[in-house]
Amino acid sequence: MASNSTKSFLADAGYGEQELDANSALMELDKGLRSGKLGEQCEAVVRFPRLFQKYPFPILINSAFLKLADVFRVGMLGSLASIIPERKNAHHSIRQSLDSHDNVEVEAAVFAAANFSAQSKDFAVGICNKISEMIQGLATPVDLKLKLIPILQHMHHDAILASSARQLLQQLVTSYPSTKMVIVSLHTFTLLAASSLVDTPKQIQLLLQYLKNDPRKAVKRLAIQDLKLLANKTPHTWSRENIQALCECALQTPYDSLKLGMLSVLSTLSGTIAIKHYFSIVPGNVSSSPRSSDLVKLAQECCYHNNRGIAAHGVRVLTNITVSCQEKDLLALEQDAVFGLESLLVLCSQDDSPGAQATLKIALNCMVKLAKGRPHLSQSVVETLLTQLHSAQDAARILMCHCLAAIAMQLPVLGDGMLGDLMELYKVIGRSATDKQQELLVSLATVIFVASQKALSVESKAVIKQQLESVSNGWTVYRIARQASRMGNHDMAKELYQSLLTQVASEHFYFWLNSLKEFSHAEQCLTGLQEENYSSALSCIAESLKFYHKGIASLTAASTPLNPLSFQCEFVKLRIDLLQAFSQLICTCNSLKTSPPPAIATTIAMTLGNDLQRCGRISNQMKQSMEEFRSLASRYGDLYQASFDADSATLRNVELQQQSCLLISHAIEALILDPESASFQEYGSTGTAHADSEYERRMMSVYNHVLEEVESLNRKYTPVSYMHTACLCNAIIALLKVPLSFQRYFFQKLQSTSIKLALSPSPRNPAEPIAVQNNQQLALKVEGVVQHGSKPGLFRKIQSVCLNVSSTLQSKSGQDYKIPIDNMTNEMEQRVEPHNDYFSTQFLLNFAILGTHNITVESSVKDANGIVWKTGPRTTIFVKSLEDPYSQQIRLQQQQAQQPLQQQQQRNAYTRF
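Residues numbered from 1 in each chain as written. Predicted model: local features only at pLDDT ≥ 70, side-chain atom pairs only at ≥ 80, totals over all residues. Heavy atoms only, no water.

## A word on the overall build of the protein chain
No. 1: Within the protein chain, the regular secondary structure consists of 37 helices and nine strands.
No. 2: Looking at the protein chain residue by residue over its 913 residues, the buried ones come to 48%.
No. 3: A total accessible area of about 44,800 Å² is found for the protein chain, and carbon and sulfur atoms account for 52% of it. (Helix = DSSP H or I, 4+ residues; strand = E, 2+ residues; numbered from the N terminus. Buried < 20%, exposed > 50% of the residue type's maximum accessible area, 1.4 Å probe, protein only. Areas by Shrake-Rupley, 256 points an atom, 1.4 Å probe, with all protein chains shown as cover.)

In structure tokens, the structure reads:
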């Protein structure tokens, strides 16, 4: 019977086949909570998150929390601090409970006091003296004091409160020298300083004093831990004297564990502005050269330490000093950094333990940083990596491949030199199908794609395909094909997608792979473009469009309600429209030859007062093309705004497509439509130094070249000439010759954010309108919940939600009356900040016109940088505006009074007739 009851309660709660409403599901879960068996109680507790996901609305969640509070009684008030931070009765209850004789109640009050102090300034100000009295009171047990002291870290709401808390902590550190008390007081001291940002330099000095003078290792470890926290949070507050004192302690300590901690702090500081403070020239001090400092001495000593962690931090310090200090005589430091990195690479690449891999990551990050900051060292770094790649463990090889790819992205000139060694390694990579081997196949293929700046050679493709056929699984092939699409190697990607079509069991996967194959084939067609050969360009674009249309059909078939592929579909549609616009512009340019202006064109131009009309119909066609490219740029901007969850590389890719459209529209305007007013200052050369990928670097190079050509032709020849049309066609070909990059968001969504809206009042049937009288206002309440995936806030976070409410009249009923214009439409907007991912607001809407109105509620979000994103959703309800009874009665009386008069007028008319 017990098993049957459990089964029914789970099924009725919405986790089996039977679906119930929210209240019934909550009641069934409540039965589980009240069960006498611990297993059923635990199972009911873990089912609550599913209930919250299905019905994410405050009324149900509040009720559920009250039921859970019966199970978890202790500390429940403290957990509600973020919801009711300013509730005075809660503040009073906590103050009273601190004086209780029940230890459990006192501990719960301490927990609640800490949480409320963090949320409420009023509570923190009011409770500070109470906490101070209890900590200093002789009757308070030591264990309770140790629990009360951490509350003082939240006394940072104003300077006076922080100062009083700091004075108390200073007294505690001095008056209670026991290890536990010193550790708790010092750590609270640090957290308070980090939050208040006022006394951070004093706290750094205090921690360094304890690190240097206190003999207890536990206190020293705590001081190092807190110094690391302050180094991460406030590196700008570290003075040269602070860093020097830490270096002296590290040089003097005989314990490797303490030296490792101190070096960790120094390596953190070496990557910040603090390193520039340390090596800045101080008046009256001539020993600030990097070569003669204690920091460099310490790093050089530790580079070859037998402890891998110490060696890694020593190398990291040297690397950061080498990159940050712009002195020319740093050859010795550069060599020390390179040799230290090489020794770490050799040591850690032969060991596949987690510690060795963590150290190797530090070393490889330093190599990338060194190659970027000191390009003349990059060749030796790459040679070291390639040499060690052959003998390293598979786990280390994967990390080394990532490092090589990062260096090749920053310095493309090194790519050609890598290919030979990489292809040799790919041939002998191994014949096993382990996870590490599969990952290595993907990583090594990625490096090869990055290193080969243009299309892969036939030999390279043959080697990769042969290796994949022998040892790889389908998922590995797909990942490599995806990387090929990202790097613009579309010929290789097409073949790999083709090989996967018969290896999937779902028709949606089949259509997805087939669409990727068609897109790769379409982009491959554009590799045959040649400059000055415009008829060939039209043929290539037409062939590409053919495969794109096949691909978009497959992509539409691959979409499902749960995965609509909206970004992918819109991106491809825009690419199709862009190619068609390019093709149309080339045809327009060719029409200058095939359909020259008529003989009377000059006369027409003089008559119309438009000098451009003497060029014939090409002038109107050029204007249409310019408007088309501006429309495409606007659509790319809309796609950008709708891609809140996209990574930065994908957004940059969309931005580059938008800039291509704006570039062509600007070229048309500057060369043909309005050469006199064209300005090139806002389109000036942006350079390629900060490009993050080879695709972006090449696109920026094309932009700069096209702008130079357009500027050289501007006002030089009277439009429209063959020079102008040739410049436009060459610009199109140059843009299309850069292989399109399909970025990560096209294949993979790392961040997922969605908004769920609920409107009230809402009809039972979505198609049924809500009745409202025309002399009243409708109070529309909009509630919403922000839902996240597994990695919330990975790229950007929601700061506020913008709700836009508008109404339109669908159909009128009754007569038209004179109504003020303000009452005819509703257009409102409000911004609300989500609280624990929940938000709500209300709108007052007028429906003075009788009839059916369509209300649309659309949401967008603003991130922490102030950028607005059109995330949706868009919700619609219908309202039927009815005439109020009093107005209806008056109108009927007026009609009845007018009827006899109308009849009399009709009789008089008949009589006269």
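## Considerations on the pairing of strand β4 (residues 798-812)
No. 1: Of the strand pairs in this sheet, β4 and strand β7 (residues 851-863) are connected by 13 bridges, and their pairing is antiparallel. Residue pairing for β7: Leu 803 is matched across the bridge by Ser 859.
No. 2: The pairing of β4 with strand β5 (residues 826-832) spans seven bridges and is classified as antiparallel. Residue pairing across strands places Ser 807 opposite Asn 826, the latter belonging to β5. (Pairing = 2+ DSSP bridges.)

## Overview of the pairing of strand β6 (residues 838-846)
No. 1: In β6, alternate side chains face the same way, and those of Phe 839, Thr 841, Phe 843 and Leu 845 are buried while those of Tyr 838, Ser 840, Gln 842, Leu 844 and Asn 846 on the opposite face are not.
No. 2: As paired strands, strand β3 (residues 777-788) and β6 are joined by nine bridges and run antiparallel to one another. Note that in β6 the partner of Val 785 across the bridge is Tyr 838.

## As for the environment of Leu 844
No. 1: Summarising the element assignment, Leu 844 is placed in strand β6.
No. 2: Considering only alpha carbons, one finds Leu 844 and Asn 826, 18 residues apart in sequence, at a separation of 9.1 Å.
No. 3: When residues no more than four places from it in sequence are discounted, the contact partners of Leu 844 are Gln 777, Leu 778, Ala 779 and Met 828. (Contact = heavy atoms within 4.5 Å.)

## As for unusual backbone geometry
No. 1: Following Ser 760, the chain continues into Pro 761 via a peptide bond in cis, with omega recorded as 5°.
No. 2: We note that Leu 565 has phi near 55°; this positive angle belongs to a residue other than glycine.
No. 3: Relative to the helices and strands, Leu 565 is located in the loop between α29 (534-558) and α30 (566-594).
No. 4: Not every positive phi belongs to a glycine, and Asn 836 is a case in point at roughly 55°.

## Here's the deal with the pattern of salt bridges
Oppositely charged side chains may form a pair once their charged atoms are brought near each other.
No. 1: Counted by the stated rule, this structure contains 27 salt bridges.
No. 2: The shortest N-O distance in the salt bridge between Glu 334 and Arg 374 comes to 3.6 Å. With Glu 334 in helix α19 (residues 331-349) and Arg 374 in the loop between α20 (354-373) and α21 (378-389), the pair connects residues that are 40 residues apart, well separated along the chain.
No. 3: One salt-bridge network, held together by shared partners, links Lys 461, Lys 465, Asp 491 and Glu 495. (Salt bridge = Lys/Arg side-chain N within 4 Å of Asp/Glu carboxyl O.)

## Some points on the packing of aromatic side chains
No. 1: Considering all chains together, one arrives at 20 aromatic pairs under this definition.
No. 2: Judged by centre distance (4.8 Å) and plane angle (65°), the rings of Phe 567 and Tyr 745 are edge-to-face. Within this pair, whereas Phe 567 is found in helix α30, its partner Tyr 745 is found in helix α36 (residues 744-747), the two being separated by 178 residues in sequence. Tyr 745 carries the same exposure label as Phe 567, and that label is buried.
No. 3: Here Phe 571 and Phe 746 contribute two aromatic rings whose centre-to-centre distance is 6.1 Å and whose plane-to-plane angle is 65°, an arrangement assigned as edge-to-face. (Phe/Tyr/Trp six-rings, centres within 6.5 Å; stacked < 30°, edge-to-face > 60°.)

## A look at the environment of Met 492
No. 1: Structurally, Met 492 can be placed in helix α27 (residues 490-500).
No. 2: Residue Met 492 is classed as buried on the basis of its relative accessible area of 0%.
No. 3: Between the C-alpha atom of Met 492 and that of His 521, which follows or precedes it by 29 residues, the distance is 9.8 Å.
No. 4: When near neighbours in sequence (up to four residues on either side) are disregarded, Met 492 contacts Phe 449, Leu 456, Lys 461, Ile 464 and Lys 465.

## Side note on the packing of helix α23 (residues 415-427) against helix α24 (residues 435-451)
No. 1: One can describe the packing of α23 onto α24 by two numbers: an axis separation of 9 Å at closest approach and a directional angle of 150°. The angle between α23 and α24 places the two elements in the roughly antiparallel class. α24 is crossed by α23, and the crossing has left-handed handedness. Residue-level contacts link Gly 415, Asp 416, Met 418, Leu 419, Leu 422, Met 423, Leu 425 and Tyr 426 of α23 to Leu 441, Leu 444, Ala 445, Val 447, Ile 448 and Ala 451 of α24.
No. 2: Classifying every residue of the contact of α23 with α24 by side-chain character gives twelve nonpolar, one polar and one charged. (Axes fitted to C-alpha atoms, helices over the stretch in contact; angles between N-to-C directions. Parallel < 35°, antiparallel > 145°, perpendicular 65-115°, else oblique. Left-handed = near helix turned anticlockwise from the far one by under 90°. Nonpolar A, V, L, I, M, F, W, Y, C, P; charged D, E, K, R; others polar.)

## Some remarks on helix α17 (residues 294-302)
No. 1: Buried residues of α17: Leu 295, Val 296, Leu 298, Ala 299 and Cys 302, and no others. The buried residues of α17 all sit within an arc of 160° when viewed along its axis, so they share a single face. (Arc of directions from axis to C-beta.)

## Re the confidence of the model for the protein chain
No. 1: On average, the protein chain scores 85 in pLDDT, and the residues at 70 or more come to 88%.
No. 2: Ranking the elements of the protein chain by mean pLDDT puts helix α1 (residues 2-15) last with 39 and helix α28 (residues 507-525) first with 96.
No. 3: Contacts for the low-pLDDT stretch residues 1-19, under 50 throughout, to residues beyond four places or in other chains number 29 contacts. (pLDDT = per-residue confidence, 0-100.)

## Overview of the sheet that holds β6
No. 1: Within the open sheet, the three strands sit side by side as β1-β3-β6. Their pairing is antiparallel. Looking at strand neighbours, the two that pair on one side only are β1 (753-760) and β6, the edges of this open sheet. In this sheet, adjacent strand axes meet at a mean angle of 25° when their direction is disregarded.

## As for the side chain of Asp 199
No. 1: Mapped onto the elements, Asp 199 comes out in the loop between α11 (179-196) and α12 (200-213).
No. 2: Look at Asp 199 and you get buried, because its relative accessible area is 17%.
No. 3: The contact partners of Asp 199, leaving out residues within four places of it in the chain, are Arg 166 and Ala 193.

## So, the packing of α28 against α29
No. 1: At their nearest, the axes of α28 and α29 sit 8 Å apart, and the two run at 165° to each other. It follows that α28 is roughly antiparallel to α29 by the angle criterion. Crossing geometry of α28 relative to α29 is assigned as left-handed. Residues His 508, Phe 511, Trp 512, Asn 514, Ser 515, Glu 518, Phe 519, His 521, Ala 522, Glu 523 and Cys 525 of α28 lie in contact with α29, whose contacting residues are Cys 540, Glu 543, Ser 544, Phe 547, Tyr 548, Lys 550, Gly 551, Ile 552, Ser 554, Leu 555, Ala 557 and Ala 558.

## Side note on the environment of Thr 237
No. 1: Along the polypeptide, Thr 237 turns up in the loop between α13 (217-233) and α14 (240-252).
No. 2: At a separation of 2.7 Å, a polar atom in the side chain of Thr 237 contacts the main-chain carbonyl oxygen of Thr 234. (Polar contact = N/O pair within 3.5 Å; in protein donor to acceptor, adjacent residues only side chain to side chain.)

## As for α28
No. 1: Over its 19 residues, α28 extends 27 Å from the first C-alpha to the last, a length consistent with the 27 Å expected when each residue adds 1.5 Å.
No. 2: The complete set of buried residues in α28 reads Trp 512, Leu 513, Asn 514, Ser 515, Leu 516, Lys 517, Glu 518, Phe 519, Ser 520, Ala 522, Glu 523 and Cys 525.
No. 3: Where α28 is buried, its residues meet α26 (474-487), α27, α29, α30 and α36. (Expected span 1.5 Å × (residues − 1).)

## Re the state of the cysteines
No. 1: What the rule picks out here adds up to zero disulfides.
No. 2: In this model Cys 249 remains outside any disulfide bridge; the closest cysteine sulfur is found in Cys 247, 9.4 Å from its own.
No. 3: Free of any disulfide, Cys 540 has its nearest neighbouring cysteine sulfur in Cys 525, separated by 7.4 Å.
No. 4: For Cys 540, a relative accessible area of 12% translates into the label buried. (Disulfide = S-S within 2.5 Å.)

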